[in-house]
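Topology and contacts: notes
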Amino acid sequence: MKIIRTIDELRKQVKQWRREGLSVGLVPTMGYLHEGHASLIYRSYKENDRTVVSDFVNPTQFAPNEDFESYPRDIEHDAQVVGDNGGDVIFNPEPDEMYTDGFCSFVDMTGLTEELCGLSRPTHFRGVCTVVTKLFNIVQPDRAYFGKKDAQQLAVIKRFVKDLNIDVEVIGCPIVREADGLARSSRNTYLSKEERQSALIIPEALETGKILIQSGETDTHKIVRAIADRIETEPVAKIDYVKIVDAETMQQIEKIDRPALCAVAVYIGKTRLIDNFFTEDIKENAE
Ligand code: AMP
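Below is a short write-up of the structure. (Residues numbered from 1 in each chain as written. Predicted model: local features only at pLDDT ≥ 70, side-chain atom pairs only at ≥ 80, totals over all residues. Heavy atoms only, no water.)

Moving on, we get to the overall build of the protein. Assigned secondary structure in the protein consists of 11 helices and nine strands. At 19 Å, the protein has a C-alpha radius of gyration in line with the 19 Å of a compact globule built from 287 residues. The proportion of buried residues among the 287 residues of the protein is 54%. Long-range contacts, defined as pairs at least 24 residues apart, comprise 71% of the intrachain contacts of the protein with a sequence gap of at least 6. Taken as a whole, the protein presents about 14,000 Å² of accessible surface, with 47% of it coming from carbon and sulfur. A gap of 2 Å separates the mean positions of the 36 positive and 48 negative side-chain charges of the protein. (Helix = DSSP H or I, 4+ residues; strand = E, 2+ residues; numbered from the N terminus. Rg over C-alpha atoms; globule rule 2.2 N^0.38 Å. Buried < 20%, exposed > 50% of the residue type's maximum accessible area, 1.4 Å probe, protein only. Contact = heavy atoms within 4.5 Å. Areas by Shrake-Rupley, 256 points an atom, 1.4 Å probe, with all protein chains shown as cover. Lys, Arg positive; Asp, Glu negative; His and termini not counted. Charge placed at Lys NZ, Arg CZ, Asp CG, Glu CD.)

So, in structure tokens, the structure goes:
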């Protein structure tokens, strides 16, 4: 396992693999790797000859009031996780390697990015689309792996890959949770012991929604209300949104009459956590 810090060196490495006829998987991350990231890396390892894990806290996807500076970083631990899960390279550039002086080209999108997290983070997806496009151009992977934890991000990436004819297979992977149900996230480290306990209201409330859907409820207002009511029983939880949207377009729907995404963003104290489920996944589990 090798740590690479420059675009040139990474390109040389990938070209060498290509000359040897090897396939390449890419796992984009912001580092501080946990079991969720590990599951993506391991899946890439199983499905490709070589795996590149990018480990880059991308400044363009953070607004000035967000946690870019304080976002947790630990490259030594990350190297261990990547190695243990079959990754071959960690790409860990400095911001000025990715964004050289005078940088002024961005990849942006309408529609999909204007709902859910896009409402409270209006510049976020432009940063995500731009950095992921850059990573796709640098690595030119056969397959790229993203978690369903960031469901809107996954839908956005699938869409721009289709719209811009980028030759990569985008693979969505299941959410990995702690034993008590909380979705794993690098931001969980911000939670105090008490907040960590309070955060359990998020998976519990989503479970309420799943049960309603499984019992045949299709009225999204009723389902959203039940989830929100449950979250509001927890005093330190503050809802950013609870929404049910079309799984592809991310637009709100009135009835669950097509594949849908039920997504929440909730502040636990100062920490904003997201979680969700796709209706197709709960159907599959029930079958
Ligand atoms: P991040 O480092 O948070 O930007 O995440 C990098 C990738 O890991 C994204 O595709 C995330 O969706 C994915 N990821 C983060 N947390 C989880 C999780 N708990 N389960 C599955 N994938 C995850």
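Right, let's get into the environment of Ala 38. Relative to the elements of secondary structure, Ala 38 occurs in helix α2 (residues 35–47). Taking the C-alpha atoms as reference points, Ala 38 and Val 27, 11 residues apart in sequence, are found 9.7 Å from one another.

This part covers the site of the ligand. Taken together, 17 residues lie around the ligand, and Met 30, Gly 147, Asp 150, Val 176 and Arg 184 are the ones closest in. Note that a nitrogen atom of the ligand is positioned 2.8 Å from one of the backbone N or O atoms of Val 176. Arg 184 places a polar main-chain atom, nitrogen or oxygen, 2.9 Å from a nitrogen atom of the ligand. The fraction of the free accessible surface of the ligand (480 Å²) that becomes covered by protein chains is 92%. Elements with a minimum of two residues in the shell around the ligand: β2 (24–29), α2 and β5 (143–147). The biggest single contributor to the shell around the ligand is α2, with three residues. (Near = heavy atom within 4 Å. Polar contact = N/O pair within 3.5 Å; in protein donor to acceptor, adjacent residues only side chain to side chain.)

The next thing to look at is α2. Between its terminal C-alpha atoms α2 stretches 18 Å, which fits the 18 Å expected from 13 residues at 1.5 Å a residue. Among the residues making up α2, those that are buried are Gly 36, His 37, Ala 38, Leu 40, Ile 41 and Ser 44. Among the structural elements, β2, β3 (50–55), α3 (75–84), β5 and β6 (169–173) are those in contact with the buried residues of α2. (Expected span 1.5 Å × (residues − 1).)

This paragraph deals with the sheet that holds β6. Hydrogen bonds between backbone atoms are what pair the strands of a sheet, whose relative direction is either parallel or antiparallel. Taken in spatial order, the six strands line up as β1-β4-β3-β2-β5-β6 in an open sheet, and their pairing is parallel. With one partner strand each, in any of the chains shown, β1 (2–4) and β6 form the two edges of the open sheet. In this sheet, neighbouring strand axes are inclined to one another by 25° on average, regardless of whether the strands run parallel or antiparallel. Pairing between β2 and β5: two bridges, direction parallel. (Pairing = 2+ DSSP bridges. Axes fitted to C-alpha atoms, helices over the stretch in contact; angles between N-to-C directions.)

Attention shifts here to the packing of helix α9 (residues 201–214) against helix α10 (residues 220–231). At a minimum axis separation of 8 Å, α9 and α10 run at an interaxial angle of 155°. Judged by the inter-axis angle, α9 sits roughly antiparallel to α10. The crossing of α9 and α10 is right-handed. Of α10, the residues touching α9 (which contributes Ile 201, Glu 204, Ala 205, Thr 208, Gly 209, Leu 212 and Ile 213) are Lys 222, Ile 223, Ala 226, Ile 227, Arg 230 and Ile 231. (Parallel < 35°, antiparallel > 145°, perpendicular 65-115°, else oblique. Left-handed = near helix turned anticlockwise from the far one by under 90°.)

Within this structure, the stated rule accounts for one cavity of 30 Å³ or more. Roughly 50 Å³ of volume is contained in the largest cavity. Along the walls of the largest cavity sit Lys 149, Leu 182, Ala 183, Ser 185, Asn 188, Ile 202, Leu 273, Ile 274 and Asp 275, which together make up its complete lining. Examining the composition of the lining of the largest cavity, we find that three residues originate from one element, strand β9 (residues 271–278), more than from any other. Classifying every residue of the lining of the largest cavity gives five nonpolar, two polar and two charged. (1 Å grid on protein atoms, 1.4 Å probe; cavity = no way out; pocket = protein on both sides within 12 Å on 5 of 7 lines; lining within 4 Å. Points joined across faces, edges and corners; volume = space filled by probe spheres on them. Nonpolar A, V, L, I, M, F, W, Y, C, P; charged D, E, K, R; others polar.)

For the rest of this paragraph, the subject is the sheet that holds β9. Read from one edge of the open sheet, three strands run β7-β8-β9, paired in antiparallel fashion. What marks the edges here is a single partner per strand, and that holds for β7 (237–246) and β9. Between one strand axis and the next, the sheet turns by 15° as a mean value, whatever way the strands run. Of the strands in this sheet, β7, β8 (260–268) and β9 are in contact with α9, which crosses β9 at around 20°. Packed onto the sheet, α10 meets β7 and β8 and runs at close to 160° relative to β7.

Of the voids in this model, the second largest pocket is the one considered here, and its volume is about 320 Å³. At six residues, helix α7 (residues 151–163) tops the list of elements feeding residues into the lining of the second largest pocket. Taken together, the residues of the lining of the second largest pocket break down into eight nonpolar, one polar and seven charged. Two domains each provide a minimum of three residues to the lining of the second largest pocket, namely domain 1 (2–173) and domain 2 (186–281). (Domains from an automatic or database assignment.)

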